[in-house]
Amino acid sequence: MNVLTALNELLKRPDDTIGRAEERGPSHSVALFTGALACYLVYGAAAGLFQGGWTVAIALFKVPLIIIASLLLCVPSLYVFTTLAGADYSPRAFALALAGFSGIAGLILLALMPVVWLFTVSSISLLFVTWMHVFAWIVALIFAAQFLSRAATKAGTAIAFWIILLFFVSLQMTTYVRPVLWHNAGEPLFKQEKESFFSHLHQVSVWKPAEAVKKVNR
Amino acid sequence: MQFIAVAAQRRQLLDDVRADVAVGRHLTTLVLTIVILGATYGASLGSWHDGRLALYAAIKVPLLMLTTAAITAMFNWIVAALLGLPLRMRQTVALSLVPLAIATIIAASLVPVTWFFTLSLPPPSAAQRTLHNLLYLTHTLLIAGAGITGTSFLRRILFDICGDAVRATRIHLLWLATYAFVGGEVAWALRPFVGSIYLPVVFLRSDALHGNVYEFIVTDILPHLWRQLGG
């Protein structure tokens with residue numbers, strides 16, 4: 001199955017994606033993961049336009065990295081939480097549920113990309129843009145969680161806890177791979193100093209206005 | 001790891017325990033689960049400090065679980081009998097271990113996440129008191145959440161066995177309170193797990209039996225966090 005067909009089915013008939021898990025090969029999951037990756041790349045490129053230049057490439061690389069690495073860290077807990085709550089997956093069905101989750105999150109981010117692009121190229125506040133991305137990610141997670149609830153019926157509460165976990169992991173992952181949206185000249189691709197996401201968000205909130213002025217004059 | 005997380009496997013184990021069949025074999029599996037997965041979580045818990053504390057915590061988390069089960073078993077057995085649920089001691093021990101095994105499965109599933117946070121957060125130092133307190137509280141909540149999830153299965157099991165919702169709930173609540181009360185103090189006695197930012201790493205503190213965890217949270221952790229929030 002090709003990527004567009006898989007994403008189209010996921011968007012319009014998500015129950016088909018879930019219900020026919022057993023009769024489909026792993027290529028369907030691969031197609032969904034590939035489609036999700038493409039969506040994250042597009043969203044990342046739009047996010048990078050806040051500073052422009054090389055930051056587009058940096059965000060293009062780091063946004064998918066943040067999402068995929070966070071998901072990978074949370075896969076064991078998703079399996080344990082949902083199976084304890086009563087879901088009974090085969091490995092193929094679990095992979096497809098995860099691929100569908102990634103796909104829905106990607107589709108929502110893709111849908112929000114024009115809005116994100118508009119505010120990204122017109123905003124001068126890093127704080128505003130950061131919270132806009134956090135909000136977009138929350139929206140994507142909510143829709144993706146609804147898909148997951150269909151795949152793992154009876155596990156609604158477990159999925160809600162898992163989504164909160166994934167959200168916090170993704171915040172810390174963003175801090176770990178920073179800088180993402182603004183890259184100062186001469187700064188390494190990854191900052192070496194360890195930091196918590198609380199501290200990182202605080203730094204964003206006190207971001208020097210002089211840097212914003214530079215953006216206005218750009 | 002899958003044996004008890006998956007509903008069908010869990011059902012088989014519980015049916016056997018209820019019928020008092022192959023309980024010894026299930027006890028071995030439950031203990032092994034607690035030892036292996038508890039050690040995995042313990043290692044991630046202690047690794048924020050250093051490798052030595054990771055090793056100590058890998059030993060102490062299973063010890064915490066098994067000690068809690070051992071200390072509560074007698075009470076659980078007597079309470080169940082008094083409330084009209086006569087079980088053999090080995091059945092009670094097996095049932096006491098089920099929620100702890102489930103709790104270690106949940107905790108172990110979070111190891112990639114806790115490991116990542118350990119890797120990416122600033123190392124322990126006197127300046128990281130807030131971070132230490134947050135980590136301590138987060139791990140406490142994680143373990144408490146995992147424990148509560150584990151014991152929620154116990155309520156269903158007890159209901160299946162005695163067929164009386166009120167009686168099952170009473171026994172469940174008493175067992176849960178005992179786990180929390182005893183588990184908290186055993187954890188305090190076996191500290192450090194996360195490690196202090198002021199004190200050296202040791203296997204057990206010299207004042208291991210001085211004070212309890214609830215006093216520490218109320219008199220130290222929460223007031224500090226409250227001050228940090230500007231309260």
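All figures in this text were calculated on a predicted structure; none of them were measured in a lab. (Residues numbered from 1 in each chain as written. Chains lettered and ligands numbered in written order. Predicted model: local features only at pLDDT ≥ 70, side-chain atom pairs only at ≥ 80, totals over all residues. Heavy atoms only, no water.)

A. Structural context of the environment of Glu185 of chain B. Residue and element names in this part refer to chain B. Note on placement: Glu185 falls in helix α8 (residues 165-189). Here Glu185 falls in the partly exposed class, since its relative accessible area comes to 27%. When the C-alpha positions of Glu185 and Arg227 are compared, they lie 26 Å apart, and in sequence the two are 42 residues distant. Non-local contacts of Glu185, meaning those with residues more than four positions away in its chain, are made with Gly211, Asn212 and Val213. (Helix = DSSP H or I, 4+ residues; strand = E, 2+ residues; numbered from the N terminus. Buried < 20%, exposed > 50% of the residue type's maximum accessible area, 1.4 Å probe, protein only. Contact = heavy atoms within 4.5 Å.)

B. Layout of the interface of chain A and chain B. Each partner contributes residues to the interface: chain A has 21 residues there, and chain B has 25 residues. Around 1,900 Å² of area is buried between chain A and chain B when both sides are counted, 77% of it from carbon and sulfur atoms. The largest per-residue losses of area from chain A upon contact with chain B belong to Leu73, Leu84 and Lys194 of chain A, which jointly make up 34% of the total buried on that side. For the interface between chain A and chain B, the tally reads zero salt bridges. Summed over the shared surface of chain A and chain B, the number is four residue pairs in polar contact (both at pLDDT 80 or more). Residue contributions to the side of chain A that touches chain B peak at nine residues, all from helix α4 (residues 54-84) of chain A. Classifying every residue of the side of chain A that touches chain B by side-chain character gives 14 nonpolar, four polar and three charged. (Buried area = accessible area lost by both parts, 1.4 Å probe. Salt bridge = Lys/Arg side-chain N within 4 Å of Asp/Glu carboxyl O. Polar contact = N/O pair within 3.5 Å; in protein donor to acceptor, adjacent residues only side chain to side chain. Nonpolar A, V, L, I, M, F, W, Y, C, P; charged D, E, K, R; others polar.)

C. Focus on the side chain of Thr68 of chain B. All names here are of chain B. Structurally, Thr68 can be placed in helix α4 (residues 51-82). Judged by its relative accessible area of 3%, Thr68 falls in the buried class. At a separation of 2.6 Å, a polar atom in the side chain of Thr68 contacts the main-chain carbonyl oxygen of Leu64.

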